[in-house]
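Here are the chains, one letter per residue:
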Amino acid sequence: MKITFYGHATFEVKLGDSTLLFDPFFTDNPLHDNFDLNSLNPDWILASHGHGDHVADIEAISKSSNAKLISNYEIVNWFDEKGVKGHPINHGGKYSFDFGTVKYVNAIHTSSMPDGANGGDPGGFVIWNADQCFYFAGDTALTRDMELIPMTCPKLDVAILPIGDNFTMGYEDAAIAAEFIKCDIIIGCHYDTFGYIKIDKSKAIEAFRAKNKTLLLPNIGETIEI
Ligand code: NI
Ligand code: MN
């Protein structure tokens with residue numbers, strides 16, 4: 001798979017012939033200046049929870065690309081009223097799509113929509129096809145529920161974890177999460193976007209190295225092939 005980082009928690013993952021876009025946040029993201037949303041052409045958009053820094057550009061990108069949304073029931077319903085078609089899923093459930101299987105797993109966080117509507121409960125995604133498996137944690141604290149992932153899903157090739165602290169787990173806890181999920185290659189996200197979540201990247205990398213894990217911190221626009 002090819003994973004491209006677009007800043008904060010926004011990632012594009014090319015899995016087989018399909019393009020998945022996670023938590024698109026370009027508009028009002030201080031890391032982006034007039035990003036051309038039309039340059040993205042995903043087949044599917046996945047939203048971990050309802051906060052603005054994860055759903056900001058779902059409507060625009062969905063309408064320009066015809067991508068369908070995968071998220072929890074409340075978020076899919078909220079976007080359906082805006083004309084965005086979607087597939088609702090909820091915690092512990094998995095579903096086989098044309099590109100692979102998606103399982104919606106627990107996250108500890110909150111999930112109101114930008115207008116204050118109920119955004120259901122936040123989650124993460126474990127996604128696999130016949131060859132590869134990855135975990136997109138969304139915004140979450142460290143939780144023992146992560147230990148269920150290696151018990152219930154194929155072996156992870158890579159995981160995308162928040163490391164910025166304050167709103168999510170920090171890198172120290174994320175390194176423990178890497179142990180819980182039994183994954184050796186981690187891509188960090190949800191750091192340095194704004195003041196509360198600025199981190200020392202060298203300390204973050206060292207926290208993972210101390211546990212024999214690799215923390216990758218791609219530049220914005222950089223693609224990692226796993
Ligand atoms: Ni959030
Ligand atoms: Mn967030």
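Above this note sits the structure.
Here's what I pulled together on the structure shown here. (Residues numbered from 1 in each chain as written. Chains lettered and ligands numbered in written order. Predicted model: local features only at pLDDT ≥ 70, side-chain atom pairs only at ≥ 80, totals over all residues. Heavy atoms only, no water.)

With respect to the coordination of the nickel ion (ligand 1)
So, point 1. The coordination sphere of the nickel ion (ligand 1), as far as protein atoms go, consists of His49 (NE2), His51 (ND1), His109 (NE2) and Asp139 (OD), spread over 2.2 to 2.4 Å.
So, point 2. Here the nickel ion (ligand 1) and the manganese ion (ligand 2) are spaced 3.0 Å apart, with Asp139 acting as a shared donor. Taken as a pair, His49 in the loop between strand 4 (44-46) and helix 1 (52-55) and Asp139 in the loop between strand 10 (133-136) and helix 4 (148-152) lie far apart in primary sequence, 90 residues in all. Take His49 and Asp139: they sit in the same class, and that class is buried. (Donors = N, O, S within 2.8 Å, 3.2 Å for Na, K, Ca; no water. Helix = DSSP H or I, 4+ residues; strand = E, 2+ residues; numbered from the N terminus. Buried < 20%, exposed > 50% of the residue type's maximum accessible area, 1.4 Å probe, protein only.)

Some details on the coordination of the manganese ion (ligand 2)
So, point 1. All of the protein donors around the manganese ion (ligand 2) are Asp53 (OD), His54 (NE2), Asp139 (OD) and His190 (NE2); their distances to the metal are 2.1 to 2.2 Å.
So, point 2. Mapped onto the sequence, the donors of the manganese ion (ligand 2) take the spacing D-H-x84-D-x50-H.
So, point 3. We classify Asp53 as buried; its relative accessible area is 16%.

Quick look at the pattern of salt bridges
So, point 1. The full count for this structure, using the stated rule, is 6 salt bridges.
So, point 2. Glu59 is paired through a salt bridge with Lys63; the nearest N and O atoms lie 2.8 Å apart. Remark: Lys63 and Glu59 occur in helix 2 (residues 58-65); sequence separation between them is 4 residues, near one turn of the helix.
So, point 3. The class for Lys63 is partly exposed, based on a relative accessible area of 46%.
So, point 4. Between Arg144 and Glu147 there is a salt bridge, with its nearest N and O atoms 2.9 Å apart.
So, point 5. You can call Glu147 partly exposed: its relative accessible area is 29%. (Salt bridge = Lys/Arg side-chain N within 4 Å of Asp/Glu carboxyl O.)

A short note on the nonpolar core
The nonpolar side chains of a soluble globular protein tend to be buried with one another.
So, point 1. Val126, Tyr135, Leu161, Ile163, Ile181, Ile186 and Phe208 are the most contacted members of the largest nonpolar core, which totals 30 residues.
So, point 2. Put simply, the parts of the chain that give this core at least two residues each are strand 9 (123-128), strand 10, strand 11 (158-162), helix 5 (171-180) and helix 6 (201-209).
So, point 3. Per element, the largest residue contribution to this core is 6 residues, and it comes from helix 5.
So, point 4. If sequence neighbours within four positions are ignored, Ile181 has contacts with Tyr135, Met146, Ile149, Pro150, Leu156, Ala159, Leu161 and Ile186.
So, point 5. Formed by 26 residues, the second largest nonpolar core is a distinct cluster that contains Phe22, Phe134, Cys189 and Ile224. (Core = buried A, V, L, I, M, F, W, Y, C linked by side-chain atoms within 4.5 Å. Contact = heavy atoms within 4.5 Å.)

A few points about the sheet that holds strand 13 (residues 214-216)
So, point 1. In spatial order, the strands read 7-8-9-10-11-12-13; together these 7 strands make up an open sheet with mixed pairing. Each end of this open sheet is capped by a strand with a single partner; those strands are strand 7 (94-97) and strand 13. Across the sheet, the mean angle from the axis of one strand to that of its neighbour is 20 degrees, orientation sign disregarded.
So, point 2. As paired strands, strand 7 and strand 8 (residues 100-106) are joined by 4 bridges and run antiparallel to one another. Opposite Phe97, over in strand 8, you have Gly100 as the bridge partner. (Pairing = 2+ DSSP bridges. Axes fitted to C-alpha atoms, helices over the stretch in contact; angles between N-to-C directions.)

Some points on the sheet that holds strand 3 (residues 18-22)
So, point 1. Strand order in the open sheet formed by 7 strands is 6-5-4-3-2-1-14, with mixed pairing between adjacent strands. Bordering the open sheet on either side are strand 6 (86-89) and strand 14 (223-225), each of which pairs with just one other strand. Averaged over all neighbouring strand pairs, the angle between strand axes comes to 20 degrees, with direction disregarded.
So, point 2. Where strand 1 (residues 2-5) lies against strand 14, 3 bridges are found, and the strand directions are antiparallel. Counted as the bridge partner of Lys2 is Glu225 from strand 14.
So, point 3. Running over the sheet, helix 3 (residues 73-80) touches strand 5 (68-72) and strand 6 and is turned about 140 degrees from strand 5.

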